[in-house]
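Each chain, letter by letter, is given below.
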Amino acid sequence: MRLLDFQYIGDGWDLKPIQFQPVNLIVGKNAVGKSRLIKGLSNAAQHISQATDNKNETSFGATFVFSSGTERVFYHFSYINGKVALEKLFIEKNPEHLESLLERNAEGTLLHGEAISPPEDKLVLHVRRDTVQYPYFEKIVSWAESVCGHRFNEMDFAGDYGTYSSFSNFDSNLFDIVKSLPADAMERIIMQANDLGYPIQSIVPYEYGDKLKVVFFNEREVNDSLMYFQLSKGMFRALYLLIYMEYLANIKKPSMLLVDDLCEGLDYDRSTRLGRIVFDFCLQHGIQLIASSNDSFLMDVVDLKYWNILQRKGNEIEGINHINHPELFDDFGFTGLSNFDLFSSDYIARHLNDKVDE
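Some points on helix α6 (residues 233–251)
At step 1: In this model, α6 (19 residues) spans 27 Å end to end at C-alpha, consistent with the 27 Å of a helix rising 1.5 Å per residue.
At step 2: With 15 of 19 residues buried, α6 lies mostly within the body of the structure.

Next up, the structure:
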């Protein structure tokens, strides 16, 4: 399944429906809601996959629209003080056929038209998983279990070679990841690293007994191997992301890769090159990418059709993209201006005002 639309209300914020493409670049001014969108997606997915505790103070709501073959799947749930307040599941087999499979509210719960009594703190998805009887439940849970991601600007080592930056259901231990990759994947990573200007010759996992497990980075014309703490932060973050993407492709399970602040802190050349690599890789391997950034270098190399420009009014956040404003993006393509100019100029405001005047 692929996510088409997402809406989230929580922590005092109202994220209006945001439409998504196979790959997406979330842009916007500081404090407009880019990280909140990433966090909201991660939080909702972790609740569906039961990867986080549902504490009593939990109160938020999320609405998803998925594509599944020729069908569209609509799913909504909301918690109030840790208890499920609403849960709905609809299937659109064609524009004229909308089938309700699940309806849950304060009055009761109907599943396929029959009354059931799920625990008040559990989603029906959690208590009625059955690949035969309820295949849509399984598809949604499997999607949530396969959402993974990192905060690029926080990719620093924690204990046991994990990172502080992960919001993921997958392993983030660098040693285990590198050790699991086949030789051809490691060759691609080294080629990509070289393309970024990092003269990596080999990346070698080394273990001695049960306690010593390290990854050595070897550069051309440098005799000594480098440990992770000997790499610059920018170099480590870029290499870790390249390695992590190959790992995702190798296990063939990821539904979505979230990357907050992609390329932050990198210079122009490395930012543009890494941006191209990440977007091309995800398109090629069918990994839905949702990356946020304020990096002007990155913006100029990502096709505008993959942009989502967030705008905020008070606590409400909306997205402007090629799906909901195709004429805005198509018209801008004839201006000859750079991608970044769409973000930094008053072009969007003038276009929207003209529409209102009409």
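Alright, that's what it looks like, and here's the rest.
Notes on the packing of helix α5 (residues 183–195) against α6
At step 1: Look at α5 against α6: their axes get within 10 Å of each other, and the N-to-C directions meet at 150°. Judged by the angle between their axes, α5 and α6 are roughly antiparallel. The hand of the α5/α6 crossing is right-handed. Contacts from Ala185, Arg188, Ile189, Gln192 and Ala193 in α5 reach Leu239, Leu242, Ile243 and Glu246 in α6.
At step 2: When grouped by side-chain class, the residues that make up the contact of α5 with α6 number six nonpolar, one polar and two charged.

Remarks on the pairing of strand β10 (residues 147–151)
Within a regular strand, side chains alternate between the sheet's two faces.
At step 1: Summarising burial for β10: four of the five residues are buried, a large majority.
At step 2: Pairing of β10 with strand β13 (residues 256–260) involves five bridges; the strand directions are parallel. Looking across to β13, one finds that valine 147 is bridged to methionine 256.

Some remarks on the environment of serine 67
At step 1: Inspection of the secondary structure puts serine 67 in strand β4 (residues 60–68).
At step 2: Residues serine 67 and arginine 273, spaced 206 residues apart in sequence, show a C-alpha to C-alpha distance of 31 Å.

Things to note about the state of the cysteines
As used in these notes, a disulfide is a covalent bond between sulfur atoms, one from each of two cysteines.
At step 1: With the rule as written, the count across this model stands at zero disulfides.
At step 2: The thiol sulfur of cysteine 148 is not disulfide-bonded, and the nearest other cysteine sulfur, from cysteine 282, lies at 9.0 Å.
At step 3: For cysteine 148, a relative accessible area of 0% puts it in the buried group.
At step 4: For cysteine 282, a relative accessible area of 1% translates into the label buried.

Some points on a nonpolar patch on the surface
At step 1: A surface patch of nonpolar side chains, about 340 Å² in accessible area, is lined by Tyr206, Tyr208 and Leu212.
At step 2: Mapped onto the secondary structure, tyrosine 206 falls in strand β11 (residues 200–208).

Considering the pattern of salt bridges
At step 1: Evaluation of the coordinates by the stated rule reveals 16 salt bridges.
At step 2: One salt bridge connects arginine 72 with glutamate 92, and the closest N-O pair in it is separated by 3.2 Å. One end of the pair, arginine 72, is in strand β5 (residues 71–80); the other, glutamate 92, is in strand β6 (residues 83–94), with 20 residues separating them in the sequence.
At step 3: The partner of lysine 83 in a salt bridge is glutamate 120, and the shortest N-O contact between them spans 3.6 Å. Within this pair, whereas lysine 83 is found in strand β6, its partner glutamate 120 is found in the loop between β9 (114–116) and α2 (124–127), the two being separated by 37 residues in sequence.
At step 4: For lysine 83, a relative accessible area of 43% translates into the label partly exposed.
At step 5: Exposure remark for glutamate 120: the relative accessible area of 47% places this residue in the partly exposed category.

So, the packing of aromatic side chains
At step 1: For the structure shown, the criterion picks out 19 aromatic pairs.
At step 2: Note on tyrosine 75 and phenylalanine 77: the rings are 5.8 Å apart at their centroids and 40° apart in plane angle, and the pair reads as tilted.
At step 3: By relative accessible area, which is 1% here, tyrosine 75 ends up buried.
At step 4: The class for phenylalanine 77 is buried, based on a relative accessible area of 0%.
At step 5: Between tyrosine 134 and phenylalanine 137, the ring centres sit 5.4 Å apart and the planes meet at 25°, which makes this aromatic pair stacked. The same class applies to tyrosine 134 as to phenylalanine 137, namely buried.

Here's the deal with the nonpolar core
At step 1: Core analysis: the biggest nonpolar cluster contains 66 residues, and Ile203, Leu257, Leu262, Trp307 and Leu342 have the highest contact counts within it.
At step 2: Considering every element that reaches this core, the biggest residue donor is α6, with 13 residues.
At step 3: Discounting chain neighbours no more than four positions away, the residues touching leucine 262 are Phe152, Leu241, Val278, Phe279, Ala291, Ser292, Ser293, Asp295 and Leu298.
At step 4: Counting residues in each nonpolar core, the second largest holds 46 residues, with Leu15, Phe77, Ile91 and Ile290 among its members.

Some words on the packing of α6 against helix α7 (residues 268–285)
At step 1: At a minimum axis distance of 11 Å, the contact between α6 and α7 shows a crossing angle of 5°. Comparing the axis directions of α6 and α7 gives the class roughly parallel. Where α6 approaches α7, its residues Ala238, Leu241, Leu242, Met245, Glu246 and Ala249 are matched on the opposing element by Leu274, Ile277, Val278, Phe281, Cys282 and His285.
At step 2: Per-class residue counts for the contact of α6 with α7 are 10 nonpolar, one polar and one charged.

Observations regarding the pairing of β5
At step 1: Taken across its 10 residues, β5 has seven buried, putting it largely inside the fold.
At step 2: Bridge analysis of β4 against β5 gives nine bridges, and the strand direction is antiparallel. If you follow alanine 62 over to β5, its bridge partner there is phenylalanine 77.
At step 3: Turn length for the β4-β5 hairpin, with the two strands adjacent in sequence and antiparallel, is two residues, and the turn residue glycine 69 shows positive phi of about 65°.

Things to note about α7
At step 1: The end-to-end C-alpha distance of α7, which contains 18 residues, comes to 26 Å, matching closely the 26 Å that a straight helix rising 1.5 Å per residue would cover.
At step 2: The complete set of buried residues in α7 reads Ser271, Thr272, Leu274, Gly275, Ile277, Val278, Phe279, Phe281 and Cys282.
At step 3: Taken together, the buried residues of α7 touch β3 (23–27), α5, α6, β13, β14 (288–292) and α8 (296–299).
At step 4: You can read the cap of α7 off the contacts: a side-chain oxygen lies 3.2 Å from the backbone nitrogen of aspartate 269, and it is on aspartate 267.

What counts and how
Residues numbered from 1 in each chain as written. Predicted model: local features only at pLDDT ≥ 70, side-chain atom pairs only at ≥ 80, totals over all residues. Heavy atoms only, no water. Helix = DSSP H or I, 4+ residues; strand = E, 2+ residues; numbered from the N terminus. Expected span 1.5 Å × (residues − 1). Buried < 20%, exposed > 50% of the residue type's maximum accessible area, 1.4 Å probe, protein only. Axes fitted to C-alpha atoms, helices over the stretch in contact; angles between N-to-C directions. Parallel < 35°, antiparallel > 145°, perpendicular 65-115°, else oblique. Left-handed = near helix turned anticlockwise from the far one by under 90°. Contact = heavy atoms within 4.5 Å. Nonpolar A, V, L, I, M, F, W, Y, C, P; charged D, E, K, R; others polar. Pairing = 2+ DSSP bridges. Disulfide = S-S within 2.5 Å. Patch = residues over 30% accessible without salt bridge, like charges linked within 9 Å, V, L, I, M, F, W, Y side chains within 5 Å. Areas by Shrake-Rupley, 256 points an atom, 1.4 Å probe, with all protein chains shown as cover. Salt bridge = Lys/Arg side-chain N within 4 Å of Asp/Glu carboxyl O. Phe/Tyr/Trp six-rings, centres within 6.5 Å; stacked < 30°, edge-to-face > 60°. Core = buried A, V, L, I, M, F, W, Y, C linked by side-chain atoms within 4.5 Å. Polar contact = N/O pair within 3.5 Å; in protein donor to acceptor, adjacent residues only side chain to side chain.

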